[in-house]
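Okay, here's what each chain looks like letter by letter:
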Amino acid sequence: QVQLVESGGGLVQAGGSLRVSCAASGSIFSINAMGWYRQAPGKSRESVAVITSGGSTNYADSVKGRFTISKDNAKNTTYLQMNSVKPEDTAVYYCYGVVRTIGDIPRAFWGKGTLVTVSS
């Protein structure tokens, strides 16, 4: 019904930058928020950033000041700009959207993830 597809992951050197994208498609009536989680092997999943429909943002302390989340409403897309990346940023990054479809209440949909690897 609703699909989210991430792109832009890859290999980047420590201190460098990378931007990942996530586009939502399907039977979308409205999107309340979009955001990112990440998970490294052997570690728990953690929230990275979120942006609401009104444009307010929230970040994990570990990425605050380095990452920026943004969105393009016309494209139903969110972006995560990752600057000054560190090896500990290496993870699979999962995009989610809190999406309302016609005939339903808002609920979360998830992408399959994109791998970001930061080399030291």
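The following paragraphs examine the structure supplied in this document. (Residues numbered from 1 in each chain as written. Predicted model: local features only at pLDDT ≥ 70, side-chain atom pairs only at ≥ 80, totals over all residues. Heavy atoms only, no water.)

## Some details on the state of the cysteines
Counted under the stated rule, the structure contains one disulfide. Each disulfide pairs two cysteine sulfurs, and for cysteine 22 the partner residue is cysteine 95, the sulfurs being separated by 2.0 Å. Note on the cysteine 22 and cysteine 95 pair: the S-S dihedral is about -80°, so by sign convention the disulfide is left-handed. Of this pair, cysteine 22 sits in strand 3 (residues 18-26) while cysteine 95 sits in strand 9 (residues 91-100), and the two are 73 residues apart along the sequence. For the pair cysteine 22 and cysteine 95, one class covers both residues: buried. (Disulfide = S-S within 2.5 Å. Helix = DSSP H or I, 4+ residues; strand = E, 2+ residues; numbered from the N terminus. Buried < 20%, exposed > 50% of the residue type's maximum accessible area, 1.4 Å probe, protein only.)

## Details of the pairing of strand 9
Pairing between strand 4 (residues 30-39) and strand 9: nine bridges, direction antiparallel. Along strand 9, the bridge assignment pairs serine 30 with arginine 100. The pairing of strand 9 with strand 11 (residues 114-119) spans three bridges and is classified as antiparallel. By the bridge assignment, alanine 91 is partnered in strand 11 with valine 116. As paired elements, strand 9 and strand 10 (residues 107-110) share four bridges and run antiparallel to each other. Within the sheet, the bridge partner assigned to valine 98 lies in strand 10 and is alanine 108. (Pairing = 2+ DSSP bridges.)

## Thoughts on the packing of aromatic side chains
Taken as a whole and assessed by the stated rule, the structure comprises three aromatic pairs. Pairwise contacts between aromatic rings join Tyr37, Tyr96 and Trp110 into one cluster. A cation over an aromatic ring shows up here: arginine 45 above the ring of tyrosine 37, its NZ or CZ 4.5 Å from the ring centre. (Phe/Tyr/Trp six-rings, centres within 6.5 Å; stacked < 30°, edge-to-face > 60°. Lys NZ or Arg CZ within 6 Å of the ring centre and 35° of its normal.)

## Observations concerning the environment of isoleucine 102
Position of isoleucine 102 among the secondary structure elements: in the loop between strand 9 and strand 10. Taking the C-alpha atoms as reference points, isoleucine 102 and serine 30, separated by 72 residues in sequence, lie 8.8 Å from one another. Once residues lying within four places of it in the same chain are set aside, the contact partners of isoleucine 102 are Ser27 and Phe29. (Contact = heavy atoms within 4.5 Å.)

## Topic: the pattern of salt bridges
A side chain of one charge can pair with a side chain of the opposite charge when the charged atoms of the two come close. Under the counting rule described, the total for this entry stands at five salt bridges. Between aspartate 89 and arginine 66 there is a salt bridge, with the nearest N and O atoms lying 2.8 Å from each other. Here aspartate 89 is found in the loop between strand 8 (77-82) and strand 9, whereas its partner arginine 66 is found in the loop between strand 6 (57-59) and strand 7 (67-72), with 23 residues between them in sequence. There is no split in this pair, since aspartate 89 and arginine 66 are both buried. Notably, a salt bridge pairs aspartate 104 with arginine 107, separated by 3.5 Å at the nearest N-O pair. A relative accessible area of 31% means that aspartate 104 is categorised as partly exposed. Several salt bridges converge on common partners, so that one network encompasses Arg38, Glu46, Arg66 and Asp89. (Salt bridge = Lys/Arg side-chain N within 4 Å of Asp/Glu carboxyl O.)

## Topic: the pairing of strand 5 (residues 46-52)
Note that strand 4 and strand 5 share six bridges and pair antiparallel. Counterpart to alanine 33 in the pairing with strand 5 is threonine 52. Connecting the antiparallel pair strand 4 and strand 5 is a turn made up of six residues, with glycine 42 showing a positive phi of about 80°. The pairing of strand 5 with strand 6 spans three bridges and is antiparallel. Of the residues in strand 6, the one forming a bridge with alanine 49 is tyrosine 59.

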